[in-house]
Amino acid sequence: MKIIADEAIPFLKGVFEPFASVSYLPGREISPEQVREADALIVRTRTRCDERLLAGSSVRMIATATIGFDHIDSDYCRQQGIAVETAAGCNARGVLQYIAAALAGVSRREGWHPSEKTLGIVGAGHVGSLVESYARSWGFRTVVCDPPREEREHCGFRSLEETVRAADLLTFHTPLDPTTRRMADRRLLAATKPGCTIINSSRGEVIDTEALRGCGRPYILDVWEHEPDIDPGLLAGALFASPHIAGYSLQGKANATALAVRAVARRFGLPLTEWFPAAVAPSRPRPVGWEEMTETIDRYCDLEAESRRLKSAPEQFEAIRNKYAYREEYF
């Protein structure tokens, strides 16, 4: 058995070697020639898995150690009988704590308490649901929008337009697909309250860069259109800016790798279906109050420092991301 893996996926080296030949490569450089005789790929978002990469190969499975899968041509894989597995939900608490740091940072700057603000949440999946639960416990009024879930489950979610108009802070937690690509366009951003803070930790292409830069609203970005070649004007204007690391917690990364390993193990009958990195303590979720969170969050997720680092060297976007010291989840 042969596996091609992104060399930046943590905790992976040595796991499959007793059972397979494994090649570790830079994600952006994985080529058709390298995957031609591979049985499985273990990738991140930096590897575009489509016909150009996969045609004529023996690949039967792709496991992505990410929650997003817009880097994978799902239709092509389905047609070719290539199984695709994601790590959905793996880093939800890491992103939650990034959002907590963003909310704490804005509250310090503007001098408000959550009871005075409405948080609009676009997307109520693994991350958005956690954000909504903790935000309510902190005292925010919350307005949640998730059209696909509303259509399936009739949860009472609000429309996108209602959510945007009500929010003092607006955070995006959607996958990237044809319905969400540039959903936050000039018209939508103009409908937000003056002074509404826009937060995006989902995918850069969910928000139109030109529209955001010109809308006059404050914004916090972890994700960007055209990463790693990010817009310098957009970067300069951000309240806080980071290089796509919102979900980069130690437990989130361990979860992602574990889900990828287990998926490959199930597919190929390997004895790794319960594997988890021995060196990492699993998450221990707990309630945390607003005061405790605001007093402690910077020890774990210091957005001021992250922002200074990226703004001083935007050309190092990928290097900063790849060398990021994973945060410990503490709630």
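Our subject is the structure that appears above.
A quick note: this is a predicted structure, and the numbers were derived from the prediction, not measured. (Residues numbered from 1 in each chain as written. Predicted model: local features only at pLDDT ≥ 70, side-chain atom pairs only at ≥ 80, totals over all residues. Heavy atoms only, no water.)

**As for the pattern of salt bridges**
To be explicit about the condition: Definition used for salt bridges: Asp or Glu carboxyl oxygen within 4 Å of a side-chain nitrogen of Lys or Arg. Runs of H or I in DSSP of at least four residues are treated as helices and runs of E of at least two as strands, each being numbered from the N terminus. Remark: exposure states derive from per-residue accessible area (1.4 Å probe, protein chains only) relative to the maximum for the residue type, with buried under 20%, exposed over 50%, and partly exposed in between.
Summed over all chains, the structure comprises 20 salt bridges. Ionic pairing is found between Glu318 and Arg46, a salt bridge with its closest N-O pair at 2.9 Å. Of this pair, Glu318 sits in helix α14 (residues 317-322) while Arg46 sits in the loop between β3 (40-43) and α2 (51-54), and the two are 272 residues apart along the sequence. We classify Glu318 as buried; its relative accessible area is 17%. Asp208 is the partner of Arg182 in a salt bridge, and the nearest nitrogen-oxygen pair spans 3.7 Å. Of this pair, Arg182 sits in the loop between β8 (169-172) and α8 (186-190) while Asp208 sits in the loop between β9 (197-200) and α9 (209-214), and the two are 26 residues apart along the sequence. Looking at Arg182, the relative accessible area reads 38%, which means it is partly exposed. With relative accessibility at 15%, the residue Asp208 sits in the buried group. Each of the salt bridges in this network shares a partner with another, and the network as a whole consists of Arg28, Arg46, Glu227 and Glu318.

**A few points about the sheet that holds strand β5 (residues 83-85)**
As a reminder, the rule being used: The rule for pairing is simple: two strands pair if DSSP sees at least two bridges between them. Angular values range over 0 to 180 degrees, each being the angle between N-to-C directions of two axes fitted as lines to C-alpha atoms, with helices fitted over their stretch in contact. We call two residues in contact whenever any of their non-hydrogen atoms come within 4.5 Å of each other.
Spatially, β2-β1-β3-β4-β5 is the arrangement adopted by the five strands of the open sheet, whose pairing is parallel. Either end of the sheet is taken by a strand with one partner, and the two such strands are β2 (21-25) and β5. If you compare each strand with its neighbour and ignore which way they point, the axes differ by 15° on average. The pairing of β3 with strand β4 (residues 61-64) spans four bridges and is classified as parallel. In the strand pairing of β4, Ile42 is matched with Ala63. Relative to β4, helix α11 (residues 250-268) is tilted by about 160°, and along the sheet it contacts β1 (2-6), β3, β4 and β5.

**So, the sheet that holds strand β10 (residues 219-221)**
With parallel pairing, the six strands of this open sheet are ordered in space as β7-β6-β8-β9-β10-β11. Of all strands in the sheet, those bounded by a partner on one side alone are β7 (141-145) and β11 (240-241). Sheet contacts for helix α4 (residues 92-110): β6 (118-122), β8, β9, β10 and β11; angle to β9, the most-contacted strand, approximately 160°.

**Remarks on the packing of α4 against helix α12 (residues 290-300)**
The test is simple: For classification purposes, an angle smaller than 35 degrees is called roughly parallel, one larger than 145 roughly antiparallel, one from 65 to 115 roughly perpendicular, and anything else oblique. Basically, the charged four are Asp, Glu, Lys and Arg, the nonpolar ten are Ala, Val, Leu, Ile, Met, Phe, Trp, Tyr, Cys and Pro, and anything else, Gly included, counts as polar.
Across the interface, α4 lies against α12 with an axial gap of 9 Å and an inter-helix angle of 100°. Judged by the angle between their axes, α4 and α12 are roughly perpendicular. For the pair α4 and α12, contact is made by Gln97, Ala100, Ala101, Leu103, Ala104, Ser107 and Arg108 and by Trp290, Met293, Thr294, Ile297 and Asp298, respectively. Class assignment of the residues belonging to the contact of α4 with α12 gives a composition of seven nonpolar, three polar and two charged.

**Topic: the packing of aromatic side chains**
The way to describe two aromatic rings as a pair is by their centre distance and the angle between their planes. For the record, the criterion: Planes of paired rings set the category: under 30 degrees apart is stacked, over 60 is edge-to-face and the rest tilted, where pairs are Phe, Tyr or Trp rings (Trp by its six-membered ring) whose centres lie within 6.5 Å.
Scanning the entire structure with this criterion turns up eleven aromatic pairs. Judged by centre distance (5.5 Å) and plane angle (45°), the ring pair of Tyr134 and Phe331 falls under tilted. Remark: Phe331 occurs in the segment after α14 and Tyr134 occurs in helix α5 (residues 126-138); sequence separation between them is 197 residues. Relative accessible area serves as the criterion here: at 1%, Phe331 is assigned to the buried category.

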